[in-house]
Each structure stands twice: as C-alpha cells, then as structure tokens.
Amino acid sequence: MSMDKEYNIDELLIKSTLLQKDRLKNVDKRLILLCIKVNEYLNSNTVYKIKITEGMRTKEQQEYLVKTGKSKTLNSKHLIGKAFDICILKNNQITWNFDDYKAVSIHFKRIAKELNISIFWGGDWKSFMDGPHYQIEE
Ligand SMILES: [Zn+2]
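Residues numbered from 1 in each chain as written. Predicted model: local features only at pLDDT ≥ 70, side-chain atom pairs only at ≥ 80, totals over all residues.

Asks: Help me understand the overall build of the protein, please; the structure alone is not making it clear to me.
Replies: Helix and strand counts for the protein come out as five helices and five strands. Secondary structure elements of the protein, listed N to C terminal, follow the sequence α-α-α-β-α-β-β-α-β-β. Taken over the C-alpha trace, the protein has a radius of gyration of 14 Å; the compact-globule value for 138 residues is 14 Å, and the two agree within 12%. Each of the three principal axes of the protein carries a C-alpha extent, and together these read 40 × 35 × 25 Å. (Helix = DSSP H or I, 4+ residues; strand = E, 2+ residues; numbered from the N terminus. Rg over C-alpha atoms; globule rule 2.2 N^0.38 Å.)

In structure tokens, the structure reads:
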C-alpha cells in the first residue's frame, strides 16, 4: 500500500481532533490513518467520540497486564505497534457498555475496508471479548 503518497499522515494527525492522539506514537501509520478517519466520521455523524487509551506497550507493561488478568497473551500486537485501544464517549460521557463498542466497531470495520486496511476488533474474540481493542492483520 502506497499510503504515504496519498496521505500525509503526520500532518493529518496534527490537524486531527482525535483525543489523546499522542498515544498513537510509533503505532503503524495505517492504524493512525484509520483512527483519524473514524474520529472525523463519528464526530460529524454520531453521538460518539473516541479517545486513544493505549498504543505501543513495553514488555514490562504487557507482563503486568497478564499478571493482573487484563490480558491473556505475552505476544500482544501492542508490543510491535500494530494495535491500539480506545475509550468511547457517548454524548461526551465515558461509556464501557459493550453495545457502544460494538456500534463504533461497525464504523471502524467499514472505514478500514474503504482504506484497504485489514483489521481485527477485540470484541470479536470469542473467549476474551476486548471491546476497546483493535489490531492490524498482516
Ligand atoms: Zn489492546
């Protein structure tokens, strides 16, 4: 994909209203573009906003999450910049309701498809549904 030719992602990110966008530092540029586009769409068309809660993670952070039961794997895509987590605001209120994460995931999937980016939503994991999580599939 020659996305850098079509999009100046660094510039788009500077202009973007995406909340806590600095947390996308060193994350795959395709995922950054996706977040920017989904944020734009949600802000103009829905009651939702998204906030980036985590992008890159260190090995130590990952080990801690597994120990505390918040993650099931030491091979997380967060370690290689191929994943991010969001928090959703509905009418400017933080929500952890899975239905809201599902509603937003539909827009992530649709816009990813339009951008020709292959993603996986953590809410589609059968054993450990992770509504805030998105990762790129290679
Ligand atoms: Zn995650």
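What follows continues from the structure just given.
Asks: In this structure, what is going on with unusual backbone geometry? I would like to understand it.
Replies: Excluding glycine, residues mostly carry a negative phi; peptide bonds, for their part, are mostly trans. The residue glutamine 20 is not glycine, and still its phi comes out positive at about 55°. Relative to the elements of secondary structure, glutamine 20 occurs in the loop between helix H2 (9–15) and helix H3 (29–45). Given 14 C-beta atoms within a 10 Å radius, glutamine 20 is considered partly exposed. Of note in this structure, asparagine 91 is not a glycine but carries a positive phi near 50°. Note on placement: asparagine 91 falls in the loop between strand S2 (83–90) and strand S3 (93–95). Looking at asparagine 91, the number of C-beta atoms within 10 Å reads 8, which means it is exposed. (Buried ≥ 20, exposed ≤ 12 C-beta atoms within 10 Å, placed from the backbone.)

Asks: Would you take a moment to explain the environment of glutamate 63 for this structure?
Replies: Position of glutamate 63 among the secondary structure elements: in helix H4 (residues 59–67). Take glutamate 63: there are 12 C-beta atoms within 10 Å of it, and that puts it in the exposed class. Separated by 42 residues in sequence, glutamate 63 and lysine 21 have C-alpha atoms that sit 24 Å apart.

Asks: What am I meant to see in the nonpolar core here?
Replies: Within the largest apolar cluster, 27 residues are counted, with the highest numbers of intra-cluster contacts made by Leu34, Cys35, Phe84 and Phe108. Sorting the residues of this core by element identifies H3, strand S1 (48–54), S2, helix H5 (98–114), strand S4 (119–121) and strand S5 (133–136) as the ones contributing at least two each. When residues of this core are assigned to their parent elements, the largest contribution, eight residues, is made by H3. The contacts of phenylalanine 108, once residues within four sequence positions are left out, are Leu34, Val38, Ile119, Trp121 and Tyr134. (Core = buried A, V, L, I, M, F, W, Y, C linked by C-beta atoms within 7 Å. Contact = placed C-beta atoms within 7 Å.)

Geometric descriptors of this kind do not, in isolation, establish any biological role.
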